[in-house]
Structures are given as structure tokens and as C-alpha cells.
Amino acid sequence: MKQRPTFPARMDSSVVAAKVKPLPSANLPQGLGMDSVAVRQRMVQKLAGLGLSDPRVLAAMGRVERHRFVDSALVNQAYEDTSLPIGLGQTISKPGVVSRMVELLCQGAVGKLGRVLEIGTGCGYQAAVLSEVATEVYTIERLRGLHEKARENLRYLRLAHVHLLLGDGMLGYAQGAPYAAIIAAAGGEAIPTAWTDQLAVGGRLVAPVAQHRVGGTTGTVAQALVVVNKTSQGLSQTILEAVHFVPLKSGLA
Ligand code: SAH
């Protein structure tokens, strides 16, 4: 599906767009340096071994330098298949989960995705991965500290087609709609109707959603990945594997 980008979009008072500006190279995190290419290739091979097969996603995972998005003390773990803390009680998802979700998002699409909305920018890593597979990325974060951290982290990439927004992602971002794809990095009780409203016909949404199971005397709550397809006939939903994401919360902080 072809989407015509409309940025710069109209702003409302609850949403602030931040421009990604270049940073002098002296300020770049040192991290793993040139060696990271080989380390990343090993990570990509492991992801392929786990079943990742979409060449667009394999290439994106090979290109984006995950070590630049984590604290310097965690750089050595950047290419392990593990989630890592990014501050303010939040975590960057493990590469296996990021690549799985982006692959689900790309399924059925030919070439690049059009406009994509990500809820939960966090440190900006997944937004960078999405920027490799989509023509336009809108990513929204409710925590100002992380919104700013992502802006710093993404600066060196100079991605004019990635738009960082500070706002409540539960409301989506109507100014950029309709989206070819929507991806959430935080899990709620249900998929907000704003998201499905803002999804284009023919579009697809991937999000972790709470699943309630009654077991014994106490009910248990787990999360599962949910895929929603929007067609001219309406919405269809598929529930996939269990996942563990930070909670989707409303309002700014
Ligand atoms: N994609 C991120 C993962 C961040 S963790 C990365 O690559 O680093 C999920 C993020 O979702 C957290 O930063 C959390 O603050 C954010 N979040 C939770 N509820 C939100 C909401 N309603 N709107 C926007 N962001 C939200």
C-alpha cells in the first residue's frame, strides 16, 4: 500500500514533535566500534535460527547498532537476545521479540511499509529498526525523559522520516493517520479503539495485550501478542505467543 507522507503534521497541545538533528561525531558513543558489524551478524544468524526469515527484517536487524541505544555499562550485552533496562523503569525488548513483531508487521506487504505508528519509543531502538522497513515512522512516548533520550540516541542517524512525539500513545496520533501499520511496545488490557480507527484499510497492527485466564481459585493474567488486520470487511484478530511487556499507561509523565 502506498501512503503519501503529510509531515510536517498539524500539532495539538498534547503532542510535541522533535526534530532529529545531527550530533558532532566526537559525541558519539564509542561502544563496540567497528567490531559491532561481526557481532551483529552473529545475532542475525541466531535470529534466523529462531525462525526469522523476512529478508527486510534480517537486513534491518543487521544494520541498526543496538549498542548505541543502551547504557555504556550494558554495551557488552547489546547483541544478546535479552531485554535490557533503559531507565525510568522501562526496558528495551530483546532482539528476538523486536524482529518477530516487525516481521509480523511486514507480512503480506510488498516492499517497504508505508507510514508506521509505534507506541512506546523508549530508547528509540525499535524506531530505528522500523525506519529501515518503512517510508515514514511516527513514534510516540509518554515519558519525557525517554522521549529526550531517544532523540539523543537517534541524532547520529539523521533520519528525516522518523518523527519523535511526546504524548499519550493510547490516543494514537491522528495527524499522521491512516497508518499502514501500528506497533505497540507496551501492553494494555485491550487495544484502544483510536489505534484501529487510525489504521488504514489493508493495514495491520501488532501489540501485546493482556489475556485473562481463570485457574484454580485465582485468575492469572498473561500477555500475548495480538495481530489485528483491517480490511474493508472489518477487523480480524489473531492471538499468538505469550510475551512480557511493560504496561501501557495513559497520560504524560
Ligand atoms: N520500543 C522501545 C521499547 C520501550 S518499552 C525501545 O526500542 O526501546 C515501552 C515504552 O512504552 C516505555 O518507554 C513506556 O514509557 C512507553 N509507554 C507506555 N504507555 C505509553 C503510552 N500510553 N503512550 C506512549 N508510550 C507509552
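Residues numbered from 1 in each chain as written. Predicted model: local features only at pLDDT ≥ 70, side-chain atom pairs only at ≥ 80, totals over all residues. Heavy atoms only, no water.

**Focus on helix H1 (residues 36-49)**
We count it as follows: A run of DSSP states H or I qualifies as a helix once it reaches four residues; a run of E qualifies as a strand once it reaches two. Both are numbered from the N-terminal end. By this rule the span expected of a helix is its residue count minus one, scaled by 1.5 Å. Only heavy atoms enter the contact rule, under which two residues are in contact if any of them lie within 4.5 Å.
Here H1 is 14 residues long and its end C-alpha atoms lie 20 Å apart, about the 20 Å a rise of 1.5 Å per residue gives. In this structure, the buried residues of H1 make contact with helix H2 (55-63) and helix H3 (95-106). Note on H1: the residue one or two positions beyond its end, glycine 51, has a positive phi of about 120°.

**A closer look at the packing of aromatic side chains**
Applied cut-off: For Phe, Tyr and Trp, rings pair up if their centres lie within 6.5 Å, where Trp contributes its six-membered ring, and each pair is then called stacked (planes under 30 degrees apart), edge-to-face (over 60) or tilted (otherwise). As a reminder, the over-ring test applies to NZ of lysine and CZ of arginine, requiring each to be within 6 Å of the ring centre and within 35 degrees of the ring normal.
Counted according to the given criterion, the structure contains three aromatic pairs. Among the aromatic residues, ring-to-ring pairing joins Tyr138, Tyr173 and Tyr179 into one connected group. One cation-aromatic arrangement involves arginine 66 over tyrosine 125; the distance from NZ or CZ to the ring centre is 5.7 Å. Over the ring of tyrosine 156 we find arginine 68; its NZ or CZ atom is 4.1 Å from the centre of that ring.

**Looking at the nonpolar core**
Convention followed: Here, the term nonpolar core denotes a set of buried Ala, Val, Leu, Ile, Met, Phe, Trp, Tyr and Cys residues that are joined through side-chain atoms within 4.5 Å. Each residue is placed in one exposure class: buried if its accessible area under a 1.4 Å probe, protein chains only, is under 20% of its type's maximum, exposed if it is over 50%, and partly exposed if it falls in between.
Counting 48 residues, the largest nonpolar core has Met61, Val102, Leu105, Leu113, Val116, Tyr125 and Val129 as the members making the most contacts within it. Of the residues forming this core, the biggest block, seven residues, is contributed by H3. Discounting residues that sit within four places of it in the chain, methionine 61 has contacts with Arg40, Met43, Val44, Leu47, Leu52, Pro95, Val98, Ser99, Tyr125 and Val129. Counting residues in hydrophobic clusters, the runner-up holds 21 residues, among them Ile182, Trp195, Leu205 and Val246.

**Side note on the environment of lysine 94**
For lysine 94, the location among the structural elements is in the loop between strand E3 (90-92) and H3. Since its relative accessible area comes to 34%, lysine 94 is described here as partly exposed. Separated by twelve residues in the primary sequence, lysine 94 and threonine 82 place their C-alpha atoms 4.5 Å from one another.

**A few points about unusual backbone geometry**
That bond from alanine 177 to proline 178 is cis: its omega, 5°, falls within 30 degrees of zero. Looking at the element boundaries, proline 178 is found in the loop between strand E6 (162-166) and strand E7 (179-184). Within the chain, leucine 88 stands out as a residue other than glycine whose phi angle is a positive 55°. Located in the positive-phi region is arginine 158, a residue other than glycine, with phi close to 50°. The class of arginine 158 is exposed, set by a relative accessible area of 53%.

**Considerations on the confidence of the model for the protein chain**
This is how it is decided: The predictor attaches a confidence to each residue, and that confidence, scored 0 to 100, is pLDDT.
Residues of the protein chain with pLDDT of at least 70 account for 84%, and the chain-wide mean is 88. Here residues 1-29 scores under 50 on pLDDT; set against residues more than four positions off or in separate chains, the count is 60 contacts.

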